[in-house]
Amino acid sequence: MKRSSKKILLSFVFSILLFALLFFAQPTTHHSSPTLSTVAGTDPQPLLAQAIRLKEALSFLGSSLSVVDEKRLLALRKPLVGR
């Protein structure tokens, strides 16, 4: 075998092994996110304002929230209007 064909064969074998390593090294289980505790006595306005801006940006980009999520977000805003 010529030296160049050995290099090609070695490169091919190496790339197959690398692909197999990367493919089978992926985790098969997904970890669930931890449950976060609720903090009482805080003003939700800064987070709510950011969430509403995010909703508007997503809508502008053509990837708006679902109708249910948008209604939930706007329902959170109503109690703050009277403050």
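All values reported here derive from a predicted model rather than from experimental measurement.

Brief notes about the confidence of the model for the chain
Turning to step 1, where the next piece is worked out: Model confidence for the chain is summarised by a mean pLDDT of 79, while 78% of its residues fall at 70 or above.
Turning to step 2, where the next piece is worked out: Mean pLDDT values over the elements of the chain span from 79, in helix 3 (residues 67–81), up to 87, in helix 2 (residues 45–61).

Some remarks on helix 1 (residues 3–24)
Turning to step 1, where the next piece is worked out: When the terminal C-alpha atoms of helix 1 are compared, their 32 Å separation across 22 residues agrees well with the 32 Å that a helix rising 1.5 Å per residue should span.
Turning to step 2, where the next piece is worked out: Of all the 22 residues making up helix 1, zero are buried; the element is thus mostly uncovered.

Comments concerning a nonpolar patch on the surface
Turning to step 1, where the next piece is worked out: Taken together, the side chains of Leu9, Phe12, Val13, Ile16 and Leu17 make up a nonpolar region of the molecular surface, amounting to roughly 470 Å² of accessible area.
Turning to step 2, where the next piece is worked out: The topology assignment puts Leu9 in helix 1.
Turning to step 3, where the next piece is worked out: Residue classification places Leu9 among the partly exposed residues on the basis of a relative accessible area of 43%.

Some words on the pattern of salt bridges
A side chain of one charge can pair with a side chain of the opposite charge if their charged atoms are brought near each other.
Turning to step 1, where the next piece is worked out: Under the definition given, this model contains two salt bridges.
Turning to step 2, where the next piece is worked out: Put simply, Lys55 and Glu70 hold a salt bridge, and the shortest N to O gap is 3.7 Å. Of the two residues, Lys55 sits in helix 2 while Glu70 sits in helix 3, which places them 15 residues apart along the sequence.
Turning to step 3, where the next piece is worked out: Assessed through its relative accessible area of 13%, Lys55 is described here as buried.
Turning to step 4, where the next piece is worked out: On the accessibility criterion, Glu70 (27% relative accessible area) is partly exposed.
Turning to step 5, where the next piece is worked out: Here Asp69 ties to Arg72 by a salt bridge, and the two come within 3.8 Å at their closest N and O atoms. Taken together, the residues Asp69 and Arg72, both in helix 3 and three residues apart, mark about one turn of the helix.
Turning to step 6, where the next piece is worked out: Relative accessible area serves as the criterion here: at 34%, Asp69 is assigned to the partly exposed category.
Turning to step 7, where the next piece is worked out: Take Arg72: its relative accessible area is 56%, and that puts it in the exposed class.

Rules of the game
- Residues numbered from 1 in each chain as written.
- Predicted model: local features only at pLDDT ≥ 70, side-chain atom pairs only at ≥ 80, totals over all residues.
- Heavy atoms only, no water.
- pLDDT = per-residue confidence, 0-100.
- Helix = DSSP H or I, 4+ residues; strand = E, 2+ residues; numbered from the N terminus.
- Expected span 1.5 Å × (residues − 1).
- Buried < 20%, exposed > 50% of the residue type's maximum accessible area, 1.4 Å probe, protein only.
- Patch = residues over 30% accessible without salt bridge, like charges linked within 9 Å, V, L, I, M, F, W, Y side chains within 5 Å.
- Areas by Shrake-Rupley, 256 points an atom, 1.4 Å probe, with all protein chains shown as cover.
- Salt bridge = Lys/Arg side-chain N within 4 Å of Asp/Glu carboxyl O.

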